[in-house]
Amino acid sequence: MTNKITIHLAMLAFLVTMPVFASKVSIPTPRKNEPIQPIPLGVEAHTAKVELGKMLFFDPRLSKSGFISCNSCHNLATGGSDNLPTSIGHKWQLGPINSPTVLNARFNLAQFWDGRAKDLKEQAGGPIENPKEMASNHELTDEVLSSISQYVELFRDIYGDDDIDIEEIKDAIAAFEDTLITPNSRFDLWLKGHDEALTAKELEGYQLFKNKGCVGCHNGVAVGGNSFQKLGIVKPYPNDKILGRFNVTGKESDKMVFKVPTLRNIELTAPYFHDARTWDLAEAVKLMGEYELGQDISDEEADKIVAFLKTLTGEQPRIVYPVLPPSTAATPKPDRS
Ligand code: HEC
Ligand code: HEC
């Protein structure tokens, strides 16, 4: 009898506490109606090709001087860019434009500030031949890689032939770049329903980012990268030395039109704008208000927007530094001329 009562009481206690318990384990509800979407946690990848692409990305022998690799200007230790106003290339030449990050570049509608390359594969050939960047040419890079037996084997395993050519080089580099995503930023966690991921100030910054209209151009997975827009919509931009999209289309209306840059990891990639106009993120925010929106953004508002922008820094790709195969007697020597 006593036993029976105890059991009943235990059951009753369980029934009473269960709903309380369930309400404590709240399952986050993703915020699906926001103009920004989280970065996927992973991407499908051909592992061997990605590894080869990583070696090529870090291999300075793709440059004429044997000194400059993709990573020189897109340093994966510093947010995929070089933190210089304009990059330093072959023979210490200064390039004309700020280097954009390679992180999350796969989400761009096209590559380069003016979108002149349609995708990462097409883009990868450019810097190798650019006399101000790596100053090599495709025959030379094929010759360099073909002289290194380990490379020959890796290319053969993946592409099934003995001739290394530039199409394969570009394909492998692009496969590596495809994996350079930065998921799990605090903002993405918030988008996935984790309310505690953002502070009140950061959330206010995000509301300002939406209400002021920043989100009209900086939206989607990469918070940018998905449209071309005029720099200086409401007020002409003072520096019009580089004309942007006009150089690709020749259309008058495309003068000063640029690909909207991603704002992911923006705190890592100063200086800002294609002409590196400022090192200060708050100033960049105010300039956007001035030239793109015709709005005065106060110091306090800029401070909040910057707090929000810093929540866009995600997990950086964990790169194991590749050990590159040694050159042979047949490998062309570095040429600094
Ligand atoms: C000397 C510095 C330098 C080197 C070396 C270099 N880049 Fe770049 N990269 C730049 C600059 C500057 C730009 C922007 C050029 C433009 O838009 O006109 C750029 C643009 C890019 C972009 C486009 C990103 C975007 O958002 O539009 C990608 C991707 C890229 N580079 C990948 C590479 C790869 C891969 C290599 C190696 C094969 C490489 N870069 C070598 C400086 C460099
Ligand atoms: C009409 C479209 C548009 C609007 C609205 C807009 N932007 Fe931009 N944003 C751009 C373009 C285009 C660029 C690239 C400009 C250039 O050529 O350097 C840019 C660049 C930036 C950069 C520098 C990125 C880098 O990597 O150098 C930041 C930061 C930025 N925007 C933040 C904002 C903020 C904050 C707002 C709202 C106050 C805003 N933007 C509103 C189009 C826009």
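Definitions and limits used
Residues numbered from 1 in each chain as written. Chains lettered and ligands numbered in written order. Predicted model: local features only at pLDDT ≥ 70, side-chain atom pairs only at ≥ 80, totals over all residues. Helix = DSSP H or I, 4+ residues; strand = E, 2+ residues; numbered from the N terminus. Buried ≥ 20, exposed ≤ 12 C-beta atoms within 10 Å, placed from the backbone. Contact = placed C-beta atoms within 7 Å. Expected span 1.5 Å × (residues − 1). Arc of directions from axis to C-beta. Near = placed C-beta within 6 Å. Domains from an automatic or database assignment. Nonpolar A, V, L, I, M, F, W, Y, C, P; charged D, E, K, R; others polar. Core = buried A, V, L, I, M, F, W, Y, C linked by C-beta atoms within 7 Å.

**Student:** Explain the overall build of the chain to me, and be specific about the residues and the numbers.
**Tutor:** A tally of regular secondary structure across the chain gives 12 helices and two strands. Order of helices (α) and strands (β) in the chain, N terminus to C terminus: α-α-α-α-α-α-α-α-α-β-α-β-α-α. Taking all 337 residues of the chain together, the buried fraction comes to 37%. Partitioning the contacts of the chain with sequence separation of at least 6, the portion at a separation of at least 24 is 70%.

**Student:** Could you give an account of helix H9 (residues 200-211), with specific residues and numbers?
**Tutor:** Taking 1.5 Å of rise per residue, 12 residues should cover 16 Å, and H9 covers 16 Å from first to last C-alpha, within 8% of that figure. Among the residues of H9, Glu202, Gly205, Tyr206 and Phe209 are the ones counted as buried. In an axial view of H9, the angular spread of the buried residues amounts to 100°, which keeps them on one side of the axis. Looking at H9, the residues exposed on the side facing more than 90 degrees away from the buried face are Ala200, Lys201 and Asn211. Packed against the buried residues of H9 are helix H12 (299-309). Of the residues flanking the end of H9, it is glycine 213, one or two places downstream, whose phi is positive at about 105°.

**Student:** Kindly report on unusual backbone geometry, identifying the contributing residues and their values.
**Tutor:** With an omega of -5°, the peptide bond running from alanine 270 to proline 271 counts as cis. Of note, asparagine 265 is a non-glycine position whose phi angle comes to about 60°, a positive value. By the element assignment, asparagine 265 lies in the loop between strand S2 (257-259) and helix H11 (281-293). Phi is positive for alanine 276, which is not a glycine, with a value near 55°.

**Student:** Which residues make up the site of ligand 2, and what values do they have?
**Tutor:** The environment of ligand 2 is made up of 26 residues, and the closest members are Cys214, Cys217, Phe258, Phe273 and Met288. With six residues, H11 is the largest single contributor of residues to the shell around ligand 2.

**Student:** Residues and numbers for the environment of serine 146, please.
**Tutor:** Looking at the secondary structure, you find serine 146 in helix H5 (residues 138-146). A count of 17 C-beta atoms within 10 Å places serine 146 in the partly exposed class. Taking C-alpha positions, serine 146 is 51 Å from asparagine 33, a pair spaced 113 residues apart along the chain. Contacts of serine 146, omitting those with residues within four sequence positions, involve Val152 and Ile164.

**Student:** Hey, could you go over the domain arrangement of the chain for me, with residue numbers and the actual values?
**Tutor:** Assigned domains within the chain: domain 1 (47-178) and domain 2 (186-312). For domain 1 versus domain 2, the separation of C-alpha centres amounts to 27 Å. Domain 1 puts 21 residues into the contact, and the matching count from domain 2 is 25 residues. A breakdown of the residues in the side of domain 1 that touches domain 2 according to their chemical character gives nine nonpolar, 10 polar and two charged.

**Student:** Give me the environment of lysine 121: which residues, what numbers.
**Tutor:** Of note, lysine 121 is situated in helix H4 (residues 120-129). In the structure, lysine 121 is positioned 57 residues away from aspartate 178 in sequence and 9.9 Å away in space, judged by C-alpha atoms. Beyond its immediate stretch of four places on either side in the chain, lysine 121 contacts Lys170, Asp171 and Ala174.

**Student:** Tell me about the site of ligand 1, and please be specific about residues and values.
**Tutor:** Every one of the 26 residues lining ligand 1 counts as a neighbour, but Cys70, Cys73, Gly89, Phe112 and Pro127 are closest to it. Going through the elements one at a time, helix H3 (70-73), H4 and helix H7 (166-178) are the ones with two or more residues in the shell around ligand 1. When residues in the shell around ligand 1 are grouped by element, the largest group, five residues, is from H4. When its residues are assigned to classes, the shell around ligand 1 shows 15 nonpolar, nine polar and two charged.

**Student:** I'd love a proper account of the nonpolar core, names of residues and values included.
**Tutor:** Of all hydrophobic cores here, the largest spans 30 residues; its most connected members are Leu56, Tyr151, Ala172 and Ile173. Where this core is concerned, the elements lending two or more residues are helix H2 (47-58), H4, H5, helix H6 (149-159) and H7. A per-element tally of this core places H7 first, with six residues. Once residues lying within four places of it in the same chain are set aside, the contact partners of tyrosine 151 are Leu145, Ile164 and Pro325. With 25 residues, the next largest nonpolar core counts Leu198, Phe209, Val223 and Ile305 among its residues.

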